[in-house]
Amino acid sequence: MARDIVVGVDGSAEGLAAAHWAAREARRRGAGLGVVHVWHRRPRPAPYIPLDSTEREWAEKLLAGTVRSVRAAHPGLRITDRLVCDAPVAALLAAAADADLLVLGSRGLGAVGGFVAGSVSQRVVGRSARPVVLVRAGRSAADEHLPATDGVAPEEIPETPYRQVVLGLQTDRPCDGLIEFAFDAALRRGTGLRVVHAFRTAFRPAPVPSVLVAAAPEGPPPVPRPPAHELAEAERTVAAVLRPWRARYPSVAVTETVAEGRAAAVLIRAAHDAGLLVVGRRGTDHRAGFHTGAVTHAVLRYVGCPVAVVPHA
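Small disclaimer: the values here were computed from a predicted structure and weren't measured.

Q: Help me understand the packing of aromatic side chains, please; the structure alone is not making it clear to me.
A: The way to describe two aromatic rings as a pair is by their centre distance and the angle between their planes. This structure, assessed with the given rule, holds two aromatic pairs. Between the aromatic rings of Phe183 and Trp245, the centroid separation amounts to 6.2 Å while the plane-to-plane angle is 25°, which identifies the pairing as stacked. With Phe183 in helix H5 (residues 176-189) and Trp245 in helix H7 (residues 228-248), the pair connects residues that are 62 residues apart, well separated along the chain. Both residues of the pair, Phe183 and Trp245, count as buried. Ring-pair connections join several aromatic residues into one group, and the members of that group are Phe183, Trp245 and Tyr249. One Lys or Arg, Arg28, reaches over the ring of Trp21 and ends 5.7 Å from the middle of that ring.

Q: Is there a simple way to think about the nonpolar core in this case?
A: Generally speaking, nonpolar side chains in soluble globular proteins are found buried as a group. One finds Val7, Leu33, Val103, Phe183, Leu193 and Val278 to be the most contacted residues of the largest nonpolar core, which totals 49 residues. Aside from chain neighbours lying at most four places away, what touches Phe183 is Leu193, Leu242, Trp245, Arg246, Tyr249, Val252 and Val254. Ranked by size, the runner-up nonpolar core spans 31 residues in total, among them Ala96, Val124, Val166 and Cys305.

Q: Is there a simple way to explain the pairing of strand E5 (residues 132-136) in this structure?
A: Side-chain direction in a regular strand flips from residue to residue, so the side chains alternate between the two faces of the sheet. For E5, the buried fraction is high: five of the five residues fall into the buried class. Of the two faces of E5, the one lined by Val132, Leu134 and Arg136 and the one lined by Val133 and Val135 are each fully buried. The pairing of strand E4 (residues 101-106) with E5 spans five bridges and is parallel. Its bridge partner lying in E5, Gly105 is registered against Val135.

Q: Before we go on, may I ask you to explain the sheet that holds strand E3 (residues 79-85) in this structure?
A: The pairing of strands in a sheet comes from backbone hydrogen bonds and takes either a parallel or an antiparallel form. Taken together, the ten strands give an open sheet; going across it, the order is E3-E2-E1-E4-E5-E10-E9-E6-E7-E8, and neighbouring strands pair in mixed fashion. Looking along the sheet, the strands with just one partner apiece sit at the ends: E3 and strand E8 (254-260). Averaged over all adjacent pairs, the angle separating strand axes in this sheet is 25°, with direction ignored. With four bridges joining them, strand E1 (residues 5-8) and strand E2 (residues 33-39) adopt parallel strand pairing. In the sheet register, Val7 faces E2, and the bridge partner there is Val35.

The rules we used
- Residues numbered from 1 in each chain as written.
- Predicted model: local features only at pLDDT ≥ 70, side-chain atom pairs only at ≥ 80, totals over all residues.
- Heavy atoms only, no water.
- Phe/Tyr/Trp six-rings, centres within 6.5 Å; stacked < 30°, edge-to-face > 60°.
- Helix = DSSP H or I, 4+ residues; strand = E, 2+ residues; numbered from the N terminus.
- Buried < 20%, exposed > 50% of the residue type's maximum accessible area, 1.4 Å probe, protein only.
- Lys NZ or Arg CZ within 6 Å of the ring centre and 35° of its normal.
- Core = buried A, V, L, I, M, F, W, Y, C linked by side-chain atoms within 4.5 Å.
- Contact = heavy atoms within 4.5 Å.
- Pairing = 2+ DSSP bridges.
- Axes fitted to C-alpha atoms, helices over the stretch in contact; angles between N-to-C directions.

What follows is the structure in structure tokens.
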């Protein structure tokens, strides 16, 4: 029996989007859904809490409203709810300890420039031993599928093919859990998997003297590309890493993209039309607090589709 998926909700638009995404994922996995809201007592009630309500009553109302919304959209799904009074990060990590997946809302890039330093979602991503999926506000079931033709009714959207899953792959220390997560996600959706690997070339062309640039009649000369053998070697390495996984998941159509450049920029471009982006995060060093890594931090800020962050050694 599949383990439940847990979603943390906080009354925000992104939290509600995360709850509905988690419900759809639970259906795909044949699992149940646990909806968790964490609240904590303050010396003074928050300004958004009505004068005739306590913090606990407000938290109960918020959780009940989210659960009603999810039940209405996903009848028959097994849903449990849990109200916790505790520190948010610790409570969410504890709630997801026995789950397959933890889902949270993500503000992404906004008026304050993306993730707020020290935000709950960022700290959970940096510390969780379980995969965490971050979902933006406004994401709906239709966004997981390719554009529907005119005249398709909303109830017919699930029959439209899913958008592809994109996996960001490092080849120096490939992680089985990360790769398996991406292949399994593509299989459950009946869609393709695009594996993206970025490498930095050891070839660095000598700078062109400014006097020659200025004298060039058509502007500066083009920057030379990295040697073909570096690209070919990177492509061979990616193919070798994926070979056993292609055999294990023969029904998943896999495309490989190997590009020279910064990993974050390459992944952000590749995930433009994706339904899900899967990236890894190394280690869970609690002594160092939390650390998502530069690439993961960048994609969480700029990628619009849901992002799955899978921890690995």
